[in-house]
Amino acid sequence: MSAPTAPRRSRVLVTGAGSGIGAGIATVLAERGWRVAVNDVNADAAQQMAAALGGVAVPGNIGADPAAVVTAAARALGGLDALVNNAGIHRRAPLDRVRPDQLDDVYAVNLRAVVLASQAALAEFERAGGGAIVNLSSIATVTPQMDVGLYTATKAGVSAFTAQAAVEWGSRHVRVNAVAPGMTRTAMAEAVYADPVLHEQRRAMVPLGRIGTPTDIGAVVAFLLSDDAAYITGQTIVVDGGFTQTLIGLLPHPEPTQHGEPRPPQ
Ligand SMILES: NC(=O)c1ccc[n+]([C@@H]2O[C@H](COP(=O)([O-])OP(=O)(O)OC[C@H]3O[C@@H](n4cnc5c(N)ncnc54)[C@H](O)[C@@H]3O)[C@@H](O)[C@H]2O)c1
C-alpha cells in the first residue's frame, strides 16, 4: 500500500514541535512533502527542528497569543492549509489541592489556545479554499491518571471541540479531527521510561508489545491531514497499541479448571 499522500496545497503549522510528539509529527509531515512551520515556546528547539526539516521556525508561547503564532506561520509559509494543535502541558496536583494558577496555565495551553489557533487558522483556510486541523487529545479522557489537575478535563474538551468544530466548519471545507495518544515516550513522561523496570512493566501491558513513539503519532496525523482522509471529520482516533482495550484482561479471574477448560466469560 502506498503511503498517505499530502494534498496539493501543503503548508502546515505544528505547535509545540521543538521536541516530543510534535517533533515526530513535524518530521513525518516534512518527509511526506509538507512545508512545516515549527512553533515552540523553546525558541532554540523551534529553530533547530525547522532547520533540520527545511521548514520555518515560529517561536512563541501558544498559550499567550495563539492568533499571532498562526498569523506569523501563514506569513512565513505564504498561506496555511493545515494546523496541528499539539502543544500540551501538565501541572501535577491532586484535585483537592490544584491551585487556580495551575488551572489557568493548563487551560490556556491545552484548550483555549486550541480554540483560538483554530479560529485564526480558519481565516487562513478560507483564503486557501479549505483546510484541515488535527488536535492532540489523550487516552486520559477514558482512563484518567491520578494527580494531573485539569489535564484530563482539557483533553476531553479538545475532543468535544473537535466534534463541534467539524460540525460548524464542514460546510467551509475544513475538516477537524483529533488523535488520542497512549503511552508515548517523550520528555513529558521520561522519568517513567528512563527506569528500565517501569518501562518493562508498562511495555508488557500493551497488546502490540511496545511503548509508542512520536512518529507513530505523526503517521496518523499525516493520514488525517491527507486527502486519503477526505471524508473523515469530527473523530478522535486512539493510537495506543491497544492499551485501552485491556481493562477486562486485568480483572481477577478464577484459575482454569483441572481439565484446562476455558475461563467463564465476564
Ligand atoms: N507523551 C504522551 O504519552 C502523551 C499521551 C497522550 C497525549 N499526549 C499529548 O501530546 C502532546 C505532546 O506531548 P509530548 O509528550 O510531546 O509533550 P512534551 O512535554 O514532551 O513536549 C511538548 C513540547 O511542546 C512545547 N511547549 C510546551 N508548552 C508550549 C507552549 N505554551 N507554546 C509552545 N510550545 C510549547 C515544549 O517546549 C515541548 O517542545 C500534548 O498535547 C500531550 O498532552 C502525550
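Scoring rules and cut-offs
Residues numbered from 1 in each chain as written. Predicted model: local features only at pLDDT ≥ 70, side-chain atom pairs only at ≥ 80, totals over all residues. Heavy atoms only, no water. Helix = DSSP H or I, 4+ residues; strand = E, 2+ residues; numbered from the N terminus. Buried < 20%, exposed > 50% of the residue type's maximum accessible area, 1.4 Å probe, protein only. Pairing = 2+ DSSP bridges. Axes fitted to C-alpha atoms, helices over the stretch in contact; angles between N-to-C directions. Near = heavy atom within 4 Å. Polar contact = N/O pair within 3.5 Å; in protein donor to acceptor, adjacent residues only side chain to side chain. Areas by Shrake-Rupley, 256 points an atom, 1.4 Å probe, with all protein chains shown as cover. 1 Å grid on protein atoms, 1.4 Å probe; cavity = no way out; pocket = protein on both sides within 12 Å on 5 of 7 lines; lining within 4 Å. Sits in = over half its atoms within 2 Å of the grid points. Nonpolar A, V, L, I, M, F, W, Y, C, P; charged D, E, K, R; others polar. Salt bridge = Lys/Arg side-chain N within 4 Å of Asp/Glu carboxyl O. Core = buried A, V, L, I, M, F, W, Y, C linked by side-chain atoms within 4.5 Å. Contact = heavy atoms within 4.5 Å. Expected span 1.5 Å × (residues − 1). Points joined across faces, edges and corners; volume = space filled by probe spheres on them.

Trainee: Explain unusual backbone geometry to me, and be specific about the residues and the numbers.
Mentor: Here the phi dihedral of aspartate 147 falls at roughly 65°; this positive angle occurs in a residue that is not glycine. Position of aspartate 147 relative to the elements: it lies in the loop between β5 (131–136) and α5 (151–169). Taking relative accessible area as the criterion, aspartate 147 reaches 39% and is therefore assigned partly exposed. The residue histidine 173 is not glycine, and still its phi comes out positive at about 65°. When you line up the elements, histidine 173 lands in the loop between α5 and β6 (174–181).

Trainee: Go over the sheet that holds strand β2 (residues 35–40) with me, naming the residues and quoting the values.
Mentor: Strand pairing in a sheet is mediated by backbone hydrogen bonds. Such pairs are either parallel or antiparallel. The parallel open sheet is built from seven strands, whose spatial order is β3-β2-β1-β4-β5-β6-β7. In the strand order of this sheet, the two ends are held by β3 (56–59) and β7 (236–239), each with one partner. Averaged over all neighbouring strand pairs, the angle between strand axes comes to 20°, with direction disregarded. Looking at chain direction, strand β1 (residues 11–14) and β2 are connected through four bridges and run parallel.

Trainee: Before we move on, can you summarise the site of the ligand with the specific residues and values?
Mentor: Around the ligand sit 27 residues, and of these Ser19, Asp40, Asn86, Tyr151 and Thr186 come closest. Glycine 182 has a polar backbone atom sitting 3.4 Å from an oxygen atom of the ligand. Backbone polar atom of alanine 187 to an oxygen atom of the ligand: 3.4 Å apart, as the coordinates give it. When isolated, the ligand has an accessible area of 840 Å², and the protein chains bury 88% of it. Placement of the ligand is best described as lying within the largest pocket. Breaking the shell around the ligand down by element, the ones donating at least two residues are α1 (20–31), β2 and α5. Looking at the shell around the ligand residue by residue, the classes come out as 11 nonpolar, 14 polar and two charged.

Trainee: Please provide a residue-by-residue account of the pattern of salt bridges, values included.
Mentor: Inspection of every chain in the model, using the stated rule, returns nine salt bridges. The partner of aspartate 81 in a salt bridge is arginine 11, and the shortest N-O contact between them spans 2.8 Å. With aspartate 81 in the loop between α3 (66–77) and β4 (82–85) and arginine 11 in strand β1, this pair connects stretches of sequence that are 70 residues apart. Judged by its relative accessible area of 5%, aspartate 81 falls in the buried class. Arginine 97 is paired through a salt bridge with aspartate 96; the nearest N and O atoms lie 3.7 Å apart.

Trainee: Which residues make up the nonpolar core, and what are the values?
Mentor: Counting residues in hydrophobic clusters, the biggest one holds 30 residues, and the most contacted among them are Leu13, Leu80 and Trp169. Among the elements of the structure, β3, α3, α4 (100–128), α5 and β6 are those that each provide at least two residues to this core. Per-element tally for this core: the top contributor is α4, with nine residues. With sequence-adjacent residues up to four places away left out, tryptophan 169 is seen in contact with Ser118, Gln119, Leu122, Ile133, Phe161, Val174 and Val176. In this structure, Ala23, Ala50, Val84 and Val220 belong to the second largest nonpolar core, which totals 28 residues.

Trainee: Outline α1, listing residues and values.
Mentor: Residues spaced three or four apart along an α-helix point in a common direction, a consequence of the helix completing one turn every 3.6 residues. Helix length check: α1, at 12 residues, gives a terminal C-alpha distance of 17 Å against a target of 16 Å (1.5 Å per residue), a fit within 8%. Residues Ile21, Gly22, Ala23, Gly24, Ile25, Ala26, Val28 and Leu29 constitute the buried set of α1.

Trainee: Which residues make up the layout of surface pockets, and what are the values?
Mentor: Taken as a whole, the largest pocket holds about 1,200 Å³ of empty space. Looking at the largest pocket, it is lined by 45 residues, and the ones nearest its centre are His90, Tyr151, Thr186, Met188 and Ala189. Contributing elements (two or more residues each) for the lining of the largest pocket: α1, β2, α5 and α6 (190–193).

Trainee: Could you give me a rundown of empty space enclosed by the protein, with the residues and numbers involved?
Mentor: With the rule as written, the count across this model stands at one cavity of 30 Å³ or more. The calculated volume of the largest cavity comes to roughly 40 Å³. Lining the largest cavity, in full, are Thr15, Ile62, Asn85, Asn86, Ala87, Val109, Ala113 and Val114. Examining the composition of the lining of the largest cavity, we find that three residues originate from one element, α4, more than from any other. Partitioning the lining of the largest cavity into residue classes produces five nonpolar, three polar and no charged.

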